[in-house]
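Structural overview
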Amino acid sequence: MATTMTPTEQLQAARDQFVPRGLASAMPGFAAEAHGATVTDVEGRSFIDFAAGISVMNVGHDHPRVRAAILEQVARLVHPAAQVMMPEVYVRLAQRLCEVTPGDHAKKAMIVNTGAEAVENAAKIARSFTGRPALVSFHNAFHGRTLLGLSLTGKAAPYKQDFGPFAPEVYQVPFPYPYRTPGNATDVALAGLDALFHAAVSPDRVAAVIVEPIQGEGGFVVPPADFLPRLAEVCREHGILLIADEVQSGFGRAGRMFAIEGSGVDADIVTMAKSLGGGMPIGAVVGRAEVMDAPTAGGLGGTFAGNAVACAAALAVLDVMAEEDLPARALRVGATVRARMEAWQERFPAIGEVRGAGAMMAIELVRDRATREPDPALTAEVLHLCHEGGLIVLKAGLHDNVVRLLMPLTIADAELEEGLLILEGALASTNHNREVTK
Ligand code: PMP
């Protein structure tokens, strides 16, 4: 009986038996190999990858430079542990990260393993520097699955439900979401912050505001151009630190090395992870030198934080980003994607909004353009059809009704086109089942 099962069926049975259901996957099946922008499953079936490991593989899967750096480092030194004897690659990476992170001020960098850990450490450092307890984040935000990360996250189901109580002294205010905010979205968000300061916590008790310059899991929500400067002004006025969470938006994705560049704002602290390691688990906190130096010696660390192989991979990723000018490539990929999405919006009434920056583009699907009622069922159907057609793609958004594209920035034009055609086909076939409501 068992011998007639396909590899996928065998793995699925084992998964069902040994892996908890809380760990869900956007796509069915099991990955066996990945190179460039192609993932191959255990049946030998290839998929164009428009997810890039959730924005981890901006340089593409198995980039030769990153692979060589990993292999070379593995042969030399894997893990002396930074808190025992710091590996030299740690220091070289810290310096490079200080150089590439926006702002002319003196900076320091600490290396961690994940985005959530970067967020946790940014909060510790901000509290230590300011001597204040409170943290402010935004509705619709995502900052990780640790207790503090979840406390800062602004989406209840499935992330927060069942997992409380959450960390105290965390407050949330609306994020400017132009498509879903009547009136001036920046005004609404900042009025929320002002109300918070009067109703719940006085601003002189707030250590930091943490913000995604473009919300990732929230559905690629791009705030109006005046939002970050006005938010930074409020922070400055009250001595509150501004933390930019660039875990998803960083490393070229939004058409610049970091999405906050060009906003006119320098964050006091930047958190990063995902694409930094080209697939190796690594994150970092980079901030003003005096802020980063607030915790006393021994106050920061982690056994695996600053693993030498992950640091070597990250140095190679930074080389690739510069040599292949991937932020510029993201702009070109993004322009192609945006043009296609806008053409689809003409054809498919379910597309309520096309938005994003650089190669961080998304479509928000609605049941009716007039009411803007979210359509999570259609979104799930589109994802299913994409998988059937050979494309890996992710959803996002508070209502799970956003299709977001995160292809490797190194994707070849022909593969990009092939992937877009699969998504277009999925949209077209679902569109036939729907009543047209313009
Ligand atoms: N911050 C942001 C903006 C993210 O998108 C994510 C992950 N999706 C995280 C933090 C958490 O990162 P990790 O999963 O590596 O802990």
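Each remark here, short or long, concerns the structure printed above.
Conventions and cut-offs
- Residues numbered from 1 in each chain as written.
- Predicted model: local features only at pLDDT ≥ 70, side-chain atom pairs only at ≥ 80, totals over all residues.
- Heavy atoms only, no water.
- Patch = residues over 30% accessible without salt bridge, like charges linked within 9 Å, V, L, I, M, F, W, Y side chains within 5 Å.
- Areas by Shrake-Rupley, 256 points an atom, 1.4 Å probe, with all protein chains shown as cover.
- Salt bridge = Lys/Arg side-chain N within 4 Å of Asp/Glu carboxyl O.
- Helix = DSSP H or I, 4+ residues; strand = E, 2+ residues; numbered from the N terminus.
- Buried < 20%, exposed > 50% of the residue type's maximum accessible area, 1.4 Å probe, protein only.
- Axes fitted to C-alpha atoms, helices over the stretch in contact; angles between N-to-C directions.
- Left-handed = near helix turned anticlockwise from the far one by under 90°.
- Contact = heavy atoms within 4.5 Å.
- Nonpolar A, V, L, I, M, F, W, Y, C, P; charged D, E, K, R; others polar.
- Pairing = 2+ DSSP bridges.
- 1 Å grid on protein atoms, 1.4 Å probe; cavity = no way out; pocket = protein on both sides within 12 Å on 5 of 7 lines; lining within 4 Å.
- Points joined across faces, edges and corners; volume = space filled by probe spheres on them.
- Phe/Tyr/Trp six-rings, centres within 6.5 Å; stacked < 30°, edge-to-face > 60°.
- Lys NZ or Arg CZ within 6 Å of the ring centre and 35° of its normal.

Attention now moves to a nonpolar patch on the surface. On the surface, Phe 18, Val 19 and Leu 23 cluster together into a nonpolar patch covering about 310 Å² of accessible area. Inspection of the secondary structure assignment puts Leu 23 in the loop between helix 1 (7–18) and strand 1 (31–35). When its relative accessible area of 51% is taken as the criterion, Leu 23 is described as exposed.

A word on the packing of helix 4 (residues 88–100) against helix 11 (residues 308–323). Between helix 4 and helix 11, the least distance of the axes is 9 Å, while the angle of their chain directions is 35°. As for the relative orientation of helix 4 and helix 11, their crossing is left-handed in sense. Contacts between helix 4 and helix 11 involve Val 89, Tyr 90, Arg 92, Leu 93, Arg 96 and Leu 97 from the former and Ala 308, Cys 311, Ala 314, Leu 315, Leu 318 and Asp 319 from the latter. Within the contact of helix 4 with helix 11, the residues separate by chemical class into 9 nonpolar, no polar and 3 charged.

So, about the sheet that holds strand 6 (residues 170–173). In space, the 7 strands of this open sheet follow the order 4-10-9-8-7-5-6, with mixed pairing throughout. Either end of the sheet is taken by a strand with one partner, and the two such strands are strand 4 (107–112) and strand 6. Strand after strand, the sheet turns through a mean of 20° between neighbouring axes, direction not considered. Bridging between strand 7 (residues 206–211) and strand 8 (residues 241–245) involves 4 bridges; their strand directions are parallel. Paired with Val 211 across the two strands is Ala 244, which belongs to strand 8. Contacts between helix 9 (residues 227–238) and the sheet are confined to strand 5 (134–138), strand 7 and strand 8, with strand 7 contributing the most and set at about 170° to the helix.

Across all of its chains, the model carries 1 cavity of 30 Å³ or more by this definition. Put simply, the largest cavity is a space of about 30 Å³.

Moving on, we get to the packing of aromatic side chains. Under the defined criterion, the tally for this structure stands at 5 aromatic pairs. Residues Phe 138 and Phe 175 carry aromatic rings whose centres are separated by 5.6 Å and whose planes lie at 80° to one another, so their mutual orientation is edge-to-face. In this pair, Phe 138 sits in strand 5 while Phe 175 sits in the loop between strand 6 and helix 8 (185–199), placing the two residues 37 residues apart along the sequence. The same class applies to Phe 138 and to Phe 175, which are both buried. Between Phe 138 and Phe 227, the aromatic rings sit 5.7 Å apart at their centres with planes inclined by 80°, giving edge-to-face as the arrangement. Here Phe 138, found in strand 5, pairs with Phe 227, found in helix 9; they are 89 residues apart in sequence, far enough to count as distant. Accessibility assignment for this pair places Phe 138 and Phe 227 in one class, buried. A cation over an aromatic ring shows up here: Lys 160 above the ring of Phe 166, its NZ or CZ 5.0 Å from the ring centre.

Attention shifts here to the pattern of salt bridges. Pairing between side chains becomes possible if they bear opposite charge and their charged atoms approach one another. Enumeration according to the criterion identifies 25 salt bridges in this entry. For the salt bridge of Glu 72 with Arg 76, the shortest nitrogen-to-oxygen distance reads 3.2 Å. Of this pair, Glu 72 and Arg 76 both sit in helix 3 (residues 64–76), 4 residues apart, which is roughly one turn of that helix. Measuring nitrogen to oxygen at the nearest pair gives 2.9 Å for the salt bridge that ties Arg 404 to Glu 217. Of the two residues, Arg 404 sits in strand 16 (residues 402–405) while Glu 217 sits in the loop between strand 7 and helix 9, which places them 187 residues apart along the sequence. Accessibility expressed as a relative area gives 3% for Arg 404, which makes it buried. Residue class for Glu 217 comes out buried when judged on its relative accessible area of 14%.

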